[in-house]
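Listed here are the chains, written in short residue letters.
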Amino acid sequence: MSKIYYKSQEEIELIRESSLLVSKTLAEVAKVIGPGITTKKLNDLAETFIRDHGAIPAFLNYNGFPYSLCISPNEQVVHGFPGEYVIQEGDLISVDCGVIKNDFFGDSAYTFSIGEIDAERKKLVEVTQECLRLAIEKAVVGSRIGDVGFAVQAYAEANGFGVVRELVGHGVGVKLHEKPEVPNYGKRGSGIKLEEGMVIAIEPMINAGTAGVKFWSDGWTVTSKDNKPSAHFEHTVAVKKGNADVLSTFSFIEEVLKEKK
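Everything numeric here is computed off the predicted structure, so don't read it as measured data. The written sequence of each chain sets the order in which its residues are numbered from 1. Given that this is a predicted model, residues contribute local features only at a pLDDT of at least 70 and side-chain atom pairs are listed and counted only at 80 or more, while totals for whole chains, interfaces and linings are drawn from all residues. Side-chain numbers come from the whole structure's heavy atoms, not from hydrogens or water.

> A description of helix H3 (residues 119-137) should follow, citing residues and the corresponding values.
One turn of the α-helix equals 3.6 residues, which is why residues spaced by three or four share an orientation. In this model H3 runs 27 Å from its N-terminal to its C-terminal C-alpha over 19 residues, within 8% of the 27 Å that 1.5 Å per residue would give. Buried means the residue's accessible area, taken with a 1.4 Å probe over protein chains only, is under 20% of the maximum for its type, while exposed means over 50%, and partly exposed covers the values in between. Only runs of H or I of at least four residues qualify as helices and only runs of E of at least two qualify as strands under DSSP, and these elements are numbered from the N terminus. If you check which residues of H3 are buried, you get Arg121, Leu124, Val125, Val127, Thr128, Cys131, Leu132, Leu134, Ala135 and Ile136. Its side-chain oxygen 3.3 Å from the backbone nitrogen of Glu120, Asp118 forms the N-cap of H3. One less than the residue count of a helix, multiplied by 1.5 Å, gives the span that helix is expected to have. Here a polar contact means two N or O atoms within 3.5 Å. Within protein one must be a hydrogen donor candidate and the other an acceptor candidate, and residues neighboring in sequence count only if both atoms are side-chain atoms.

> Run through the UniProt feature "binding site: a divalent metal cation 1" (unreviewed entry) in the protein, naming residues and quoting values.
UniProt positions are given in the numbering used here, feature names are shortened, and annotations may be inferred rather than shown by experiment. Following the UniProt record, the feature "binding site: a divalent metal cation 1" (unreviewed entry) maps to Asp96, Asp107 and Glu234 here. What stands out for the annotated residues spanning 139 residues is how close their C-alpha atoms remain, the widest pair being 8.0 Å apart. Those annotated residues lining the second largest pocket are, specifically, Asp96, Asp107 and Glu234. By the secondary structure assignment, Asp107 is in strand E5 (residues 104-113). Engagement of the side chain of Asp107 in a polar contact is seen with the side chain of His170, the distance being 3.3 Å. Cavity means a closed set of points on a 1 Å grid over the protein atoms alone, one where a 1.4 Å probe fits but cannot get out, pocket means an open set with protein on both sides within 12 Å along at least 5 of 7 lines, and lining means a residue has an atom within 4 Å of a point.

> Account for the layout of surface pockets, naming residues and giving values.
Reported here for the largest pocket is a volume of approximately 650 Å³. In terms of lining, the largest pocket is formed by 22 residues, of which the most central are Tyr110, Ser113, Gly115, Leu257 and Lys261. Contributions of two or more residues to the lining of the second largest pocket are made by strand E7 (169-171) and strand E8 (178-182). The element best represented in the lining of the second largest pocket is E8, accounting for 3 residues. Residues are grouped as follows: Ala, Val, Leu, Ile, Met, Phe, Trp, Tyr, Cys and Pro are nonpolar; Asp, Glu, Lys and Arg are charged; all remaining types, including Gly, are polar. Residue composition of the lining of the second largest pocket, grouped by class: 11 nonpolar, 5 polar and 7 charged. Grid points are joined across faces, edges and corners, and a volume is the space filled by probe spheres set on the points.

Next up, the structure:
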C-alpha cells in the first residue's frame, strides 16, 4: 500500500475494537508474566485468548513470522521469538501484539519490569513511556510526522538514551503496516502533514546505551549493538483535531500489575 489510507469514523471504531482486544491480550500476559515462566508459554496463552475472542493473531505467519507475539527480553529491541527462555527477576520483557478482528488491525506493545529492576532499567522504562506520551501529544491535525519523531528523540536523548533508527512506527488499520512511516527521530516541522482519518502506530524503541542495533540471522530478532537493555512501548492512535484519539490502552495491564503487587 503505497498511499495513505484515510479511515472513516466507522472504520476507526472497528480499529479501536481490535486495539482494545490487543490491550486485553497484553493484560492476560500481565497476569502470568514473572520469574520461572517461559516466553513460549506467554505466546501460547495470548494466541488462545485472541482466538477465543473471535480474532486472529496478526503477527502469526506475517511475512513468515512464526509466532503470535514478539517477545524481546533485555537487550532485544523488537521481534524476538518466544521460546524456552525462562524469565528471571530483574528482566525487562517487551511484548508486542497485534490482532485482526472484523478485517481491521490493532497493534500495541508494553515493556514489563520483572520484580525488582536496577535503576538504569527503571529510568529506561519510565523515559520510553514518557516518549510515547509526548509523541501522542503531537499526533494531531496540523502537526507533521517530524514533530512526532522529534518529541521522542529530544526526550530520550536528553536523558542519555539511544533512539533506534532502523525500525519505525507506521500507519495501521486496513493492513498491519501501512504508510506513513513514523520514525522516532526527526526535525520539527518536517515530513508529511498529519490529517484527520490517519491511524498510526507510535512506538518508541529506546536503548539504554547507544542507538545502534544488530539484526540476527533468524531474519527477525533485533538487539542493541552494545547489548545494553532496550524498552518498547506502542499505541495505535487516530489523528484528530486538538487531541489524538488513543485506540489502545495500558489501563488493563496497569490494573493487573497493581493487583499483583
